[in-house]
Amino acid sequence: MKYIYPKLLLICLAFAIYFNNKSVENKDLSHLSKVNQYSLLVQRGAFHFDSFKIVKNKISHIPGISSNFETATYNENSQTFLDSLQTLGFFKKLEAQGFWNLKTHYGSETSCNSQLIVTLTTNGKSKTVICDDYQTDCPELIKYIEKKVVELEGNDLKRIYLPG
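Described in the following lines is the structure provided in the data block. From a predicted model like this one, the values you see are computed outputs, not experimental measurements.

1. Regarding helix α4 (residues 140-153)
Each full turn of the α-helix corresponds to 3.6 residues, which orients residues three or four apart in the same direction. In this model α4 runs 20 Å from its N-terminal to its C-terminal C-alpha over 14 residues, within 8% of the 20 Å that 1.5 Å per residue would give. Most of α4 is tucked away: 10 of the 14 residues are buried. Leu 141, Ile 142, Lys 143, Ile 145, Glu 146, Lys 148, Val 149, Val 150, Leu 152 and Glu 153 are the residues of α4 that are buried. Positive phi shows up at Gly 154, right after α4, with a value of about 90°.

Next comes the structure, spelled out in structure tokens:
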């Protein structure tokens, strides 16, 4: 069978392929909107009274009102943008290591406490873990979170522990 308009057939075929690929790309984008949206809030007590917040690929350091540090790094708000894959990997690691299985409160019998509060939120699911004393009665995962968040923030903020 011989085609009457071979050039017209090639043009129609090219348009069909182009629009078919476009609809696949749109479906892929709609799938990406369903990806988990994580946020993490880490609040440090004792001499720090500061907090760190990670939302999407941005980490913010919010110094406390009663911060005892004279260094400008500790007393200024800061924002740092992170690699999206690194951030997602961090959140997935927290879930894999059992964040959702932790107790909500870890008490302490010591008198000089350095409190640490960690709140993880994803797609309407939220959990807050409170450790009365970071040094003695805090799970290793919560200590890891605080250390990693300070590292991700990038201003080399050290945890200061002064036992009473």
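2. Structural notes on helix α3 (residues 84-96)
For α3, with 13 residues, the first-to-last C-alpha span of 18 Å sits near the 18 Å given by 1.5 Å per residue. Among the residues of α3, those classed as buried are Thr 87, Phe 90, Phe 91 and Leu 94. Viewed end-on, α3 has its buried residues packed into an arc of 90°, placing them on one side of the element. Facing away from the buried surface of α3 by more than 90 degrees, the exposed residues are Leu 85 and Ala 96. Those residues of α3 hidden inside the fold are in contact with β1 (38-44), β2 (50-55), β6 (116-122) and α4. One or two residues past the end of α3 sits Gly 98, with phi positive at roughly 95°.

3. Things to note about the side chain of Lys 148
By the secondary structure assignment, Lys 148 is in helix α4. In this structure Lys 148 comes out as buried when scored by relative accessible area, which is 18%. Beyond its immediate sequence surroundings of up to four residues, Lys 148 is in contact with Gln 86 and Phe 90.

4. Re the packing of α3 against α4
Their axes nearest at 12 Å, the elements α3 and α4 cross at an angle of 170°. In terms of orientation, α3 lies roughly antiparallel with respect to α4. Seen from α3, the contacting residues are Gln 86, Phe 90, Lys 93 and Leu 94; seen from α4, they are Leu 141, Tyr 144, Ile 145, Lys 148, Val 149 and Leu 152. Residue composition of the contact of α3 with α4, grouped by class: 7 nonpolar, 1 polar and 2 charged.

5. What about the pattern of salt bridges?
One pass over the full model with this rule turns up 4 salt bridges. Salt-bridge contacts for Arg 44 lead to Asp 50; the nearest nitrogen and oxygen are separated by 2.8 Å. Taking the relative accessible area as the measure of exposure, Arg 44 reaches 3% and is therefore buried. Across the pair Lys 148 and Glu 151 runs a salt bridge, and its minimum N-O distance is 3.3 Å. Placement of the pair is Lys 148 and Glu 151 together in helix α4, with a separation of 3 residues, close to one helical turn. One connected set of salt bridges, linked through shared partners, spans Arg 44, Asp 50 and Glu 146.

The rules behind each value
- Residues numbered from 1 in each chain as written.
- Predicted model: local features only at pLDDT ≥ 70, side-chain atom pairs only at ≥ 80, totals over all residues.
- Heavy atoms only, no water.
- Helix = DSSP H or I, 4+ residues; strand = E, 2+ residues; numbered from the N terminus.
- Expected span 1.5 Å × (residues − 1).
- Buried < 20%, exposed > 50% of the residue type's maximum accessible area, 1.4 Å probe, protein only.
- Arc of directions from axis to C-beta.
- Contact = heavy atoms within 4.5 Å.
- Axes fitted to C-alpha atoms, helices over the stretch in contact; angles between N-to-C directions.
- Parallel < 35°, antiparallel > 145°, perpendicular 65-115°, else oblique.
- Nonpolar A, V, L, I, M, F, W, Y, C, P; charged D, E, K, R; others polar.
- Salt bridge = Lys/Arg side-chain N within 4 Å of Asp/Glu carboxyl O.

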